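Observations on chain architecture
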Amino acid sequence: MAAPESNFSGNIERDFYIPTYILSEDASQNDDVRLSDVPTCPVLVFINSKSGGQLGGDLLHTYRSLLNKYQVFDLGEETPDSVLRRLYLNLEKLKSNGHEFATKLEERLRIIVAGGDGTAGWLLGVVSDLKLSQPPPIATVPLGTGNNLPFAFGWGKKNPGTDQNSVISFLKSVMDAKEMKIDSWHILMRMRAPQEGACDPIAPLELPHSLHAFHRLSSSDDLNVEGCHTFRGGFWNYFSMGMDAQVSYAFHSERKMHPEKFKNQLVNQSTYARLGCTQGWFCASLFHPSSRNIAQLAKVKIMKKHGEWKDLDIPHSIRSIVCLNLPSFSGGLNPWGTPNSNKRRDRDLTPPFVDDGLIEVVGFRDAWHGMVLLAPNGHGTRLAQAHRIRFEFHKGAADHTFMRIDGEPWKQPLPVDDDTVVVEIAHLGQVKMLATHDCRSKSVHDPSSHVHHDGDDGDSDGEEDSVVEEQRKFGAANTFKIPDEVDIAHLS
């Protein structure tokens, strides 16, 4: 289907400019640009200036030269929650005074975030938790290494140009983009507190920002369990565990020690491939002990129908498991693929829709198994589709494993007692993304998909009310501020 004709007028101020007095009640209208009407596509721009080597800083300079510099934010200087709180508080005050301009601007507002998948996840978490009456849809500029989120919605996976023509072209694409709702997923990690010794099972700075920023749950939180440490967070693309996360952890560790070696996307990807070899991912049967295979590490349960947990049988050869929300993993690959009609009928499998309330669970034996994704119709081992999934770790199988959320890995210690580490993933809600008209992500409601779908509706009816209420938020709005000692350049 052809994309609709563009609304781009060629006038940047008329199309995208947000007056300063809208952004802050303390600003004066006297020195502002006078607009005769509400801009067609007002945008807030958030840029991780440390992403993409020098590209983030260059992009920041270009956007500020084209737009109102006060509508373009460096995430190293101000967090998105403080910006959005200030903006929406001011919009409410203006609307209460009958300011029609503010009302229309809020309806048309769009967000651009430039950074890696970790940076994009940061924005998505904040927008989700602010519970805005009209949450703005988000477009992602690929400034990271993998860039799975931008690729899934048609924004590409190569780092963009930073000159004015490239930025104007991207702004035009944002204006013409369609809105898509995608599922968001709540992750809860619980481990038993040690009876003696230190009470911190994981050093705070070693967790990914999406878990670290939420902190440990308070004693009054309904999700807390006496005698346990509990962490929670959210993700939009994937959670993975096993050898793929191990390679990612090695990459992030090396980048943290030698940031000067990671200045562009090509070098980063080459280093990633080298680490895949040195970590034994291509010779996993020789270098990876079977005690770290998924079936030996954990008991896995899934819930496809509300209230019905079922054991998930994991083949003993699986060394990596991926819980996937979007059809873009490891630089744009699609591990689930599209099941044929026989698989759909016999195993009740569906294509990987991004808004069906189901997460795809895929397994891999090693890197060679992953290489099948490069072939037409290639896919990993399809294990299940589920509304919820739960990992219960076995006693003494290994002293640690590796996990990853949307590109952010960590080394997870495993205790010696039974069932003392539990990771549970549950459907949370939906957020709005901006997508090009030829993007690879598909909606279950899109008639062009031409697929009959009998999947779960994604509601939370029938679950415990207190737990459901707590899972309606990540905690980002109040606490989603990356600490000063954390370098946001590492948000891939």
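Now for a description of the structure that goes with this document. (Residues numbered from 1 in each chain as written. Predicted model: local features only at pLDDT ≥ 70, side-chain atom pairs only at ≥ 80, totals over all residues. Heavy atoms only, no water.)

1. A word on the overall build of the chain
- When helices and strands are tallied, the chain shows 17 helices and 16 strands.
- Counting the 492 residues in the chain, one finds 56% classified as buried.
- Considering only residue pairs separated by 6 or more positions, the chain has 77% of its internal contacts joining residues 24 or more positions apart.
- Total accessible area on the chain stands at roughly 21300 Å², and carbon and sulfur atoms take up 48% of it. (Helix = DSSP H or I, 4+ residues; strand = E, 2+ residues; numbered from the N terminus. Buried < 20%, exposed > 50% of the residue type's maximum accessible area, 1.4 Å probe, protein only. Contact = heavy atoms within 4.5 Å. Areas by Shrake-Rupley, 256 points an atom, 1.4 Å probe, with all protein chains shown as cover.)

2. Topic: the nonpolar core
- Ile22, Leu44, Tyr63 and Phe153 are the most contacted members of the largest nonpolar core, which totals 67 residues.
- Counting residues per element, this core draws most heavily on helix α6 (residues 117-130), at seven residues.
- The residues contacting leucine 44, other than those within four sequence positions of it, are Ile18, Leu23, Gln71, Phe73, Leu84, Leu87, Leu109, Arg110, Ile111 and Ile112.
- Formed by 37 residues, the second largest nonpolar core is a distinct cluster that contains Leu207, Phe239, Ala295 and Val423. (Core = buried A, V, L, I, M, F, W, Y, C linked by side-chain atoms within 4.5 Å.)

3. Remarks on the packing of aromatic side chains
- As enumerated under the stated definition, the model contains five aromatic pairs in all.
- Between tryptophan 155 and phenylalanine 170, the ring centres sit 5.0 Å apart and the planes meet at 45°, which makes this aromatic pair tilted. One end of the pair, tryptophan 155, is in the loop between α7 (148-152) and α8 (164-176); the other, phenylalanine 170, is in helix α8, and 15 residues separate them in sequence. Of the two residues, tryptophan 155 and phenylalanine 170, neither departs from the other in class, the shared state being buried.
- Aromatic side chains phenylalanine 239 and phenylalanine 391 sit 5.8 Å apart centroid to centroid with 50° between the ring planes, which places their arrangement in the tilted category. With phenylalanine 239 in strand β7 (residues 238-242) and phenylalanine 391 in strand β13 (residues 388-393), this pair connects stretches of sequence that are 152 residues apart. The same class applies to phenylalanine 239 and to phenylalanine 391, which are both buried.
- In this arrangement the basic side chain of lysine 157 is found over the ring face of phenylalanine 151, its NZ or CZ atom lying 4.8 Å from the centre. (Phe/Tyr/Trp six-rings, centres within 6.5 Å; stacked < 30°, edge-to-face > 60°. Lys NZ or Arg CZ within 6 Å of the ring centre and 35° of its normal.)

4. Brief notes about the pairing of strand β3 (residues 110-115)
- Across the six residues of β3, six count as buried, placing the element largely inside the fold.
- Of the two faces of β3, the one carrying Arg110, Ile112 and Ala114 and the one carrying Ile111, Val113 and Gly115 are both buried.
- By the bridge criterion, five bridges tie strand β1 (residues 43-47) to β3 in an arrangement that is parallel. Its bridge partner lying in β3, phenylalanine 46 is registered against valine 113.
- Inspection of the sheet shows β3 paired to strand β4 (residues 138-142) by five bridges, in the parallel sense. Note on β4: the bridge partner recorded for glycine 115 is proline 142. (Pairing = 2+ DSSP bridges.)

5. Some details on the packing of helix α4 (residues 80-96) against α6
- In the contact formed by α4 and α6, the axes pass within 10 Å of each other and the chain directions differ by 40°. Compared by their axis directions, α4 and α6 come out oblique. The crossing of α4 and α6 is right-handed. In this structure, α4 uses Pro80, Asp81, Leu84 and Arg85 to contact α6, whose residues at the interface are Trp122, Leu123, Val126, Val127 and Leu130.
- Counted by class, the contact of α4 with α6 contains seven nonpolar, no polar and two charged residues. (Axes fitted to C-alpha atoms, helices over the stretch in contact; angles between N-to-C directions. Parallel < 35°, antiparallel > 145°, perpendicular 65-115°, else oblique. Left-handed = near helix turned anticlockwise from the far one by under 90°. Nonpolar A, V, L, I, M, F, W, Y, C, P; charged D, E, K, R; others polar.)

6. So, the sheet that holds strand β10 (residues 320-324)
- Sheet architecture is open: six strands sit in the order β12-β11-β10-β7-β14-β15, paired in antiparallel fashion. Strands at the two margins of the open sheet, each flanked by one partner only, are β12 (381-386) and β15 (408-413). Averaged over all pairs of adjacent strands, the angle between their axes in this sheet comes to 20°, without regard to strand direction.
- One ladder, built from three bridges, connects β7 with strand β14 (residues 400-405); its direction is antiparallel. Following the sheet pairing, methionine 241 is matched in β14 by methionine 403.

7. Concerning α6
- Between the first and last C-alpha of α6 there are 20 Å, a value that for 14 residues agrees with the 20 Å anticipated at 1.5 Å per step.
- In terms of burial, α6 is largely enclosed, as 14 of its 14 residues are buried.
- Remark: lysine 131 follows α6 within two positions and exhibits a positive phi of approximately 55°. (Expected span 1.5 Å × (residues − 1).)

8. Side note on the environment of valine 421
- You can see valine 421 is positioned in strand β16 (residues 421-435).
- For valine 421, a relative accessible area of 1% puts it in the buried group.
- For the pair valine 421 and arginine 192, spaced 229 residues apart in sequence, the C-alpha to C-alpha distance is 6.9 Å.
- In contact with valine 421, not counting residues within four places along its chain, are Arg190, Met191, Phe391, Glu392, Phe393, Gln412, Pro413, Leu414 and Pro415.

9. Remarks on the environment of lysine 301
- Residue position: lysine 301 is located in strand β8 (residues 298-303).
- On a C-alpha basis, the gap between lysine 301 and arginine 388 in space is 8.4 Å, while along the polypeptide they are 87 residues apart.
- Discounting residues that sit within four places of it in the chain, lysine 301 has contacts with Trp309, Lys310, Asp311, Leu312, Arg388, Ile389, Arg390 and Glu392.

10. Here's the deal with the side chain of asparagine 147
- Tracing the backbone shows asparagine 147 in the loop between β4 and α7.
- A polar atom in the side chain of asparagine 147 sits 3.5 Å from the backbone nitrogen of leucine 143. (Polar contact = N/O pair within 3.5 Å; in protein donor to acceptor, adjacent residues only side chain to side chain.)

11. Brief notes about the environment of lysine 310
- Inspection of the secondary structure puts lysine 310 in strand β9 (residues 309-311).
- Given the relative accessible area of 53%, lysine 310 is considered exposed.
- Distance in space between the C-alpha atoms of lysine 310 and isoleucine 389 is 9.5 Å, their sequence separation being 79 residues.
- Those residues in contact with lysine 310 that sit more than four places away from it in its chain are Val300, Lys301 and Ile302.

12. Brief notes about the pattern of salt bridges
- For the structure on display, the rule yields twelve salt bridges.
- Here glutamate 179 ties to lysine 432 by a salt bridge, and the two come within 3.8 Å at their closest N and O atoms. Within this pair, whereas glutamate 179 is found in strand β5 (residues 178-192), its partner lysine 432 is found in strand β16, the two being separated by 253 residues in sequence.
- Three or more residues joined by partner-sharing salt bridges are found here, namely Lys301, Arg388, Arg390, Glu392 and Glu424. (Salt bridge = Lys/Arg side-chain N within 4 Å of Asp/Glu carboxyl O.)

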